[in-house]
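The residues making up each chain are set out below.
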Amino acid sequence: MAVETASANIDVHAPPSEYYRLPPSRRSAGINRSRSKSHQRSHHLYGINGHLDQVEEESSESLDSADQQDEQKTPIRLKRSSTSFSNMRRRGSVDEKSTLTRRFLVDIDTIEKAILAQEDTNGDYQITVEDSGPKMLRVPTASSGGFRTFEVRGTYMLSNLLQEIALARDCGMNQVVIDEDRLNENPVNRLSRMIRTSFWNGLVRCMDESGIQAICNDPKNTKPGAQPIIYVPHDDHAAYEYYTGIARDLSNYRIKVVRLPRDITPRYVKSINNEFGILSLAADVSHDANGRLVYRPLPFVVPGGRFNEQYGWDSYFETLGLLVDGRYQLGKNMVDNFVYEIKHYGKILNANRSYYLTRSQPPFLTDMVLKVFEALPDKTDDEKRRNHEWLRRSFDAAITEYLTVWTCAPRLDAKTGLSCYHPTGIGMPPETESTHFDHTIEPFAERLGVGVEEYKRLYANDMISEPELDAYFVHDRAVRESGHDTSYRLERRCANLATVDLNCLLYKYEVDIADTLDAHFGGRFEWSGGRETTAAEWRARAEQRRQGIDKYLWNEKKGLYFDYDVALGEQSVYESVTALWALWAGCATPAQARRLVDASCRKFEVKGGLVSGTEESRGVISLQRPNRQWDYPFGWAPHQIMAWYGLYNYGFVDVARRFAYRWLFTITQAFVDFNGVVPEKFDVVNMTHRFQVEYGNVGVDFKHVPREGFGWMNASYQVGLTYLTTHMRRALGMLTPPDMFFAKSNWKIDGTPSHSPATTPGPVPVFISEIGTPKYRAQSNALFGALKNLAISDCQGKLVYNDGSISPERDQAVNDPVSPTSFFISENRKKRSSRRKWRGSGKKRYGAAAF
């Protein structure tokens, strides 16, 4: 047999398709993934600088003895040299028991039955901390040919063993050799690897022939006994030809292809409520040499679980994670699908299903386009030309969406100039469970003297009119359009609220369009809507909206942004973490940012990250008033990611990292303790993903091994890791609780920056071009405008202007080209001076604790 070359070796932490493809002899340690840097160096310390002259290795039969029980095993003995040990590094955080790699010989069916029978005491096909088994299983070793066994101990390793067995079976294996290093892999590295190599692939869908078969089997796509329906736009003839061909080829599925009318009205959408189906998306369309249609639907990423469509704002956060992992093509595909939706359906849809045709979701398109554009390869002139054309087409769609969806009736409030979530659908949303609205309809049914089911039939067929109920469903649909379904913040009033989140997003649209027109189109753009638009126009829109946000949404007394009720003419009192979106958009001034961060740390920071809102705002919970999933005590990935970006942009680096560590710890702990679970959301106050709340918790129901995670949760983990220093990542791998880590690391826990933006330690998060400064151009961003003639000094947290006065915000002109670093000058000088004194004191930065 030929000798295997080193180049043929693969990492023991490689994806299952690679790891189980080759025999154990061709596996190498690859990238060392142990839990500390010092442990990673341990294999290289022997004999270095005379500190460790010799290692007495085990006997020639060490492969066998390494597999015996610990009490029978001969430990490694190190002979000291006469050289001083004063320069030796400390030992690793995890002691080694052998210099040899232990491997297990696993008969898949036998070990699976054994581990489930012994350890899975609650019968959910998972090994978790809630199981009451002994948490120890003897597994045959490969070096002894299965004659000897070795103990696999602990929830984490046992659950990993169960997962690896399932993954090996997927690869067609009946018996397999598994490295011990794969079972005790650092959980941070293991989860990040699974997201990168497995979870994203598990979430990819496509509207091609095989994807259509899966769609037809989705219970949401049709009612029992009804035909699956594919809706295609009126003028997309290629799509209609393609899907009618699929319907013929898959005749056993009885697929019905329907061409939508040119004008998709709310009344028409209501008329197909009982015939709901999937909507076509973008494709690469061409013709072969014989003139036959070549139609290739674009793959995209879905949230996961029961959500098997491309969703609106989910796609933005999924794209951020995909870009971290180098999957820019999937992000580009999802942008192209959104452009297709705007062209053919009039808006970016809640998701590509028929009952969402009148409803959008929070708008992120411009930032999504720019993030993908920055990642596209551009080495050749042809690539640059294609990228520029793609950018033009994408921004043309974004301008269309802005002008025809978000800044016109019914979503625009003319008095304030701000926008509200206000979809145009009619009647009860058909996607909900059949009994979802029974408690709401019951009083109306009693008033009319009929049963609830009869009332719903009469109401759905326009046989009765009830304005109060009509208004309720307008607000209910608006809550769903906001993405925050549901929350007491928005219930029964959402269509009347100019929310902080929506108007910050639209401010970002205006800024992005202005900057992109300047940077790539010479300041002028021929919009397909029939007129030319300029960067100056969009800067004026941005400044007008910023002033509206300051006037109606900013609360000077509380130091927070609040939603504004345009019907009542007053601010809402609900304290929401979406106030931090102003930092992401860049529409807060320095003084507002400082007060906002201080208030947010007090109100929204909890053990597991950022909570959606305060307990006081949510109110009392009872059987009659159950908890809502976007209220206290729940935390969601979008809120975390938006806060990290915003805080980092404004120089609150430590605060961003602290929030990121808390959130990633929550995910990692659940991953370790609950068989690799990555759920949709968390209770970040009680640190659990197991709770009773409306709609449940997607991503927790699986057998043996998680295969998808959850879209934006996966993204938050990959993005969040880019914010952590090496020290923080090491502590996270050791599952060091956040408060313990911050205390032992002397971590600053208030809301002020503790590092100079120019000298921030650790890695710079992806997509942020300048550390600690807003990314956006000076002429478009409120922060830059406010920095002119402004210096910060220690005056009880108040702004001190160069004229010596302490006054409210007085923003300068938005087109002043000023350097953002002036904001930090005085404070940084003091910090540099204090650091020099501190370094000379001989104190260690992180104290005595080692992680």
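Our structure's up above, just so we're on the same page.
Predicted model, so just to flag it, every value in this text is computed and none were measured. (Residues numbered from 1 in each chain as written. Predicted model: local features only at pLDDT ≥ 70, side-chain atom pairs only at ≥ 80, totals over all residues. Heavy atoms only, no water.)

### Topic: the overall build of the protein
Looking only at helices and strands, one finds 29 helices and 28 strands in the protein. Within the protein, the proportion of its 851 residues that are buried is 57%. Summarising the internal contacts of the protein: among those between residues at least 6 apart in sequence, 72% fall at separations of at least 24. As displayed, the protein has an accessible area near 35,600 Å², and 49% of this comes from carbon and sulfur atoms. (Helix = DSSP H or I, 4+ residues; strand = E, 2+ residues; numbered from the N terminus. Buried < 20%, exposed > 50% of the residue type's maximum accessible area, 1.4 Å probe, protein only. Contact = heavy atoms within 4.5 Å. Areas by Shrake-Rupley, 256 points an atom, 1.4 Å probe, with all protein chains shown as cover.)

### Focus on the nonpolar core
What tends to happen in soluble globular proteins is that the nonpolar side chains get buried as a cluster. Membership of the largest hydrophobic core comes to 211 residues, with the highest contact counts inside it found for L161, Y243 and Y561. Among all residues touching Y243, those that are not within four sequence positions of it are M207, I212, I230, V232, V257, S280, Y295 and P297. M428, I441, A445 and L469 belong to the second largest nonpolar core, which has 10 residues in total. (Core = buried A, V, L, I, M, F, W, Y, C linked by side-chain atoms within 4.5 Å.)

### Considerations on the pattern of salt bridges
Evaluated as defined, the whole model comprises 52 salt bridges. For E694, the salt bridge goes to R628, with nearest N and O atoms at 3.8 Å. With E694 in the loop between β26 (682–683) and α25 (711–721) and R628 in the loop between α22 (615–618) and β25 (634–635), this residue pair connects regions lying 66 residues apart in the sequence. The burial state of E694 is the same as that of R628; both residues are buried. Each of E164, R182, E185, R190 and R193 takes part in one network of salt bridges that share partners. (Salt bridge = Lys/Arg side-chain N within 4 Å of Asp/Glu carboxyl O.)

### Here we look at the packing of aromatic side chains
Within the structure shown, the criterion is met by 43 aromatic pairs. Directly above the aromatic system of F150 lies the positively charged group of R102, at a separation of 3.7 Å from the ring centroid. (Phe/Tyr/Trp six-rings, centres within 6.5 Å; stacked < 30°, edge-to-face > 60°. Lys NZ or Arg CZ within 6 Å of the ring centre and 35° of its normal.)

### So, unusual backbone geometry
Note the cis peptide between D485 and T486, where omega equals 5 degrees. The residue T486 is located in the loop between α17 (467–482) and β16 (497–498) in this model. That bond from Y632 to P633 is cis: its omega, 10 degrees, falls within 30 degrees of zero. You can see P633 is positioned in the loop between α22 and β25. Backbone geometry at N675 places phi at a positive 60 degrees, although glycine is not the residue there. Of note, Y695 is a non-glycine position whose phi angle comes to about 70 degrees, a positive value. As for its position among the elements, Y695 is in the loop between β26 and α25.

### Brief notes about the pairing of strand β14 (residues 293–297)
Sheet topology places strand β13 (residues 283–287) next to β14; 5 bridges connect them, and they run antiparallel. For S286, the partnering residue across the bridge sits in β14 and is V294. Counted along the chain from β13 to the antiparallel partner β14, the turn is 5 residues long, and its residue G291 has a positive phi close to 80 degrees. (Pairing = 2+ DSSP bridges.)

### Here we look at the packing of helix α7 (residues 187–202) against α25
Viewed as axis vectors pointing N to C, α7 and α25 meet at an angle of 130 degrees, and their least axial separation amounts to 10 Å. By the angle class used here, α7 and α25 are oblique. Once α7 is placed against α25, the crossing between them reads as left-handed. For the pair α7 and α25, contact is made by P187, V188, L191, S192, I195, R196, F199 and W200 and by G711, N714, A715, Y717, Q718 and L721, respectively. Considered class by class, the residues forming the contact of α7 with α25 number 9 nonpolar, 4 polar and 1 charged. (Axes fitted to C-alpha atoms, helices over the stretch in contact; angles between N-to-C directions. Parallel < 35°, antiparallel > 145°, perpendicular 65-115°, else oblique. Left-handed = near helix turned anticlockwise from the far one by under 90°. Nonpolar A, V, L, I, M, F, W, Y, C, P; charged D, E, K, R; others polar.)

### Quick look at the sheet that holds strand β10 (residues 229–232)
Paired through backbone hydrogen bonds, the strands of a sheet run either parallel or antiparallel to each other. Sheet architecture is open: 3 strands sit in the order β11-β10-β12, paired in parallel fashion. Each edge of the sheet is formed by a strand with only one pairing partner; in this case those strands are β11 (256–259) and β12 (278–279). The pairing of β10 with β11 spans 4 bridges and is parallel. When the bridges of β11 are listed, I230 appears paired with V257. Sitting on the sheet, helix α9 (residues 237–249) touches β10 and β11, and the angle it makes with β11 is about 165 degrees.

### Let's talk about the sheet that holds strand β22 (residues 570–571)
Spatially, β16-β21-β22 is the arrangement adopted by the 3 strands of the open sheet, whose pairing is antiparallel. Each edge of the open sheet is held by one strand with a lone partner, namely β16 and β22. Relative to β22, strand β21 (residues 564–565) runs antiparallel, the two sharing 2 bridges. For D565, the partnering residue across the bridge sits in β22 and is E570.

### Regarding helix α16 (residues 452–460)
Listing the buried residues of α16 in full gives Y455, K456, L458 and Y459. Along the long axis of α16, the arc covered by the buried residues comes to 165 degrees, so they all point the same way. Those residues of α16 that are buried are in contact with α10 (266–271), α15 (438–448) and α17. Phi turns positive, to about 60 degrees, at D462, one or two residues after α16. (Arc of directions from axis to C-beta.)

### Regarding the packing of α15 against α16
Packing of α15 against α16 brings their axes to within 9 Å, and their N-to-C directions diverge by 90 degrees. Put simply, α15 runs roughly perpendicular to α16. Between α15 and α16, the residues in contact are D438, I441, E442, F444, A445 and L448 and V452, E453, Y455, K456 and L458, respectively. Classifying every residue of the contact of α15 with α16 by side-chain character gives 7 nonpolar, no polar and 4 charged.

### Thoughts on the side chain of D438
Within the fold, D438 resides in helix α15. In terms of polar contacts, D438 uses its side chain to reach the side chain of K456, at 3.0 Å. Those residues in contact with D438, other than ones at most four positions away along the chain, are V452, E453 and K456. (Polar contact = N/O pair within 3.5 Å; in protein donor to acceptor, adjacent residues only side chain to side chain.)

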